Amino acid sequence: MFLLQHLDQTVKKIKSQAANLITLINLGFGAMAILLVLQGELRTSLLLITIAAVFDRLDGMVARKTNTTSELGKQLDSLSDIISFGVAPAILLYQAVLFTFGMPGAIFAIIFIACGAIRLARFNVTETHGFFVGLPITAAGLFLTLSFLLIDIIPDYHFMFITLILAFLMISTFKIRKI
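Every value quoted in this text rests on a predicted model; they were computed, and no experiment measured them. (Residues numbered from 1 in each chain as written. Predicted model: local features only at pLDDT ≥ 70, side-chain atom pairs only at ≥ 80, totals over all residues. Heavy atoms only, no water.)

Engineer: Got a sec to walk through the overall build of the protein? Specific residues and values, please.
Structural biologist: Counting its secondary structure elements, the protein contains 6 helices and 2 strands. Along its sequence from the N terminus, the protein presents helices and strands in the succession α-α-α-α-β-α-α-β. Counting only C-alpha atoms and orienting by the principal axes, one finds that the protein spans roughly 70 × 35 × 25 Å. Considering only contacts within the protein whose residues lie at least 6 apart along the sequence, 79% involve residues at least 24 apart. About 10,200 Å² of surface is accessible on the protein, with carbon and sulfur atoms providing 72% of the total. One finds the centroid of the 13 positive side-chain charges in the protein at a distance of 11 Å from the centroid of its 10 negative side-chain charges. (Helix = DSSP H or I, 4+ residues; strand = E, 2+ residues; numbered from the N terminus. Contact = heavy atoms within 4.5 Å. Areas by Shrake-Rupley, 256 points an atom, 1.4 Å probe, with all protein chains shown as cover. Lys, Arg positive; Asp, Glu negative; His and termini not counted. Charge placed at Lys NZ, Arg CZ, Asp CG, Glu CD.)

And the structure:
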């Protein structure tokens, strides 16, 4: 009897932390993407940011499915998202092309990260049901990351505009229906 109760409590603890574990996997992929950019592995970094997005989608689904949403989980998700979809994509694009513009390129990358942080902070303190206000950082980060694939196709200066447009879309006030 004691063993069954202990096993049941252990299963409940694991279930309650499953979404947070998935969130930390998202964070791990984002952090590894940053480290790979620093080593010049830009294409592998792109892949890891994309995988992080899959885990970002999964953590919310698991939290809702297991009815284990929490304030801690919400904050942890935002901290992971700023790494995986703010810092990692900005550093990837900076290293790939924005560095050629010197300080302005660096400032544009920082603006993207700052707007992502504002977007996440606003999300955490605002109650919205059924919609997002502004472009979610996951979408903005993925768009910025995937724009890397256009480096050989479009002129370099376009990436400054792409970075700035995505940054401002994150802090805009338009509404997007949640799916």
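Picking up where we left off.
Engineer: Let's hear about the side chain of Thr 163: which residues, and what values?
Structural biologist: Within the secondary structure, Thr 163 is located in helix H6 (residues 158-171). If we skip the residues at most four places from it in the chain, Thr 163 touches Leu 93, Leu 98, Phe 108, Ala 109, Phe 112 and Leu 144.

Engineer: Go over the nonpolar core, please, and point to the residues and values.
Structural biologist: With 35 residues, the main nonpolar core has Leu 92, Leu 93, Leu 98, Phe 112, Phe 148 and Met 170 as its most contacted residues. Within the residue set of this core, elements represented by two or more residues are helix H1 (2-38), helix H2 (42-65), helix H3 (71-96), helix H4 (103-125), helix H5 (137-147) and H6. Here the element with the most residues in this core is H3; it accounts for 8 residues. Excluding residues that lie within four positions of it along the chain, Met 170 makes contacts with Phe 112, Cys 115, Gly 116, Arg 119, Arg 122, Val 133, Gly 134, Leu 135, Ile 137 and Ala 140. (Core = buried A, V, L, I, M, F, W, Y, C linked by side-chain atoms within 4.5 Å. Buried < 20%, exposed > 50% of the residue type's maximum accessible area, 1.4 Å probe, protein only.)

Engineer: Please set out the packing of H2 against H5 residue by residue, giving values where relevant.
Structural biologist: When two helices pack together, their arrangement is given by the angle between the helix axes and by the axis-to-axis distance. At their nearest, the axes of H2 and H5 sit 10 Å apart, and the two run at 160° to each other. Classified by the interaxial angle, the pair formed by H2 and H5 is roughly antiparallel. Two packed elements cross with a definite hand, and for H2 against H5 that hand is left-handed. When H2 is examined against H5, the residues Leu 46, Ile 49, Thr 50, Ala 53 and Asp 56 are found in contact with a partner set consisting of Thr 138, Leu 142, Thr 145 and Leu 146. (Axes fitted to C-alpha atoms, helices over the stretch in contact; angles between N-to-C directions. Parallel < 35°, antiparallel > 145°, perpendicular 65-115°, else oblique. Left-handed = near helix turned anticlockwise from the far one by under 90°.)

Engineer: Help me get a handle on H2, residues and values and all.
Structural biologist: Taking 1.5 Å per residue as the helical rise, H2 with its 24 residues ought to reach 34 Å, and the 35 Å between its terminal C-alpha atoms agrees with that figure. Of all the positions in H2, only Leu 42, Ser 45, Leu 46, Leu 48, Ile 49, Ala 52, Ala 53, Asp 56, Asp 59, Gly 60 and Ala 63 are classed as buried. Following H2 by one or two positions, Asn 67 has its phi on the positive side, about 55°. (Expected span 1.5 Å × (residues − 1).)

Engineer: Before we move on, could you go through a nonpolar patch on the surface and cite the residues and values that matter?
Structural biologist: A cluster of nonpolar residues, Tyr 157, Phe 161, Ile 165, Leu 169 and Phe 174, forms a patch on the protein surface that exposes about 480 Å² of accessible area. Counting through the fold element by element, Leu 169 comes out in helix H6. (Patch = residues over 30% accessible without salt bridge, like charges linked within 9 Å, V, L, I, M, F, W, Y side chains within 5 Å. Salt bridge = Lys/Arg side-chain N within 4 Å of Asp/Glu carboxyl O.)

Engineer: Quick rundown of the packing of aromatic side chains? Include the residues and the values.
Structural biologist: Inspection of the entire model under this criterion finds 3 aromatic pairs. Aromatic side chains Tyr 157 and Phe 161 sit 6.4 Å apart centroid to centroid with 85° between the ring planes, which places their arrangement in the edge-to-face category. Its relative accessible area of 49% is what places Phe 161 among the partly exposed residues. In this structure, Lys 74 packs its charged tip against the face of Phe 123, placed 5.4 Å from the ring centre. (Phe/Tyr/Trp six-rings, centres within 6.5 Å; stacked < 30°, edge-to-face > 60°. Lys NZ or Arg CZ within 6 Å of the ring centre and 35° of its normal.)

Engineer: Quick one: what's the story with H5, residue by residue and with numbers?
Structural biologist: The set of residues buried in H5 consists of Ile 137, Thr 138, Ala 140, Gly 141, Leu 144, Thr 145 and Ser 147. Those residues of H5 hidden inside the fold are in contact with H2, H3, H4 and H6.

Engineer: Kindly report on the side chain of Asp 77, identifying the contributing residues and their values.
Structural biologist: Examined against the element boundaries, Asp 77 turns out to sit in helix H3. It is Arg 64 that comes nearest to the buried, bridge-free Asp 77 among opposite-charge side chains, at 8.5 Å. Those residues in contact with Asp 77 that lie beyond four places of it in its chain are Thr 23, Asp 56 and Asp 59.

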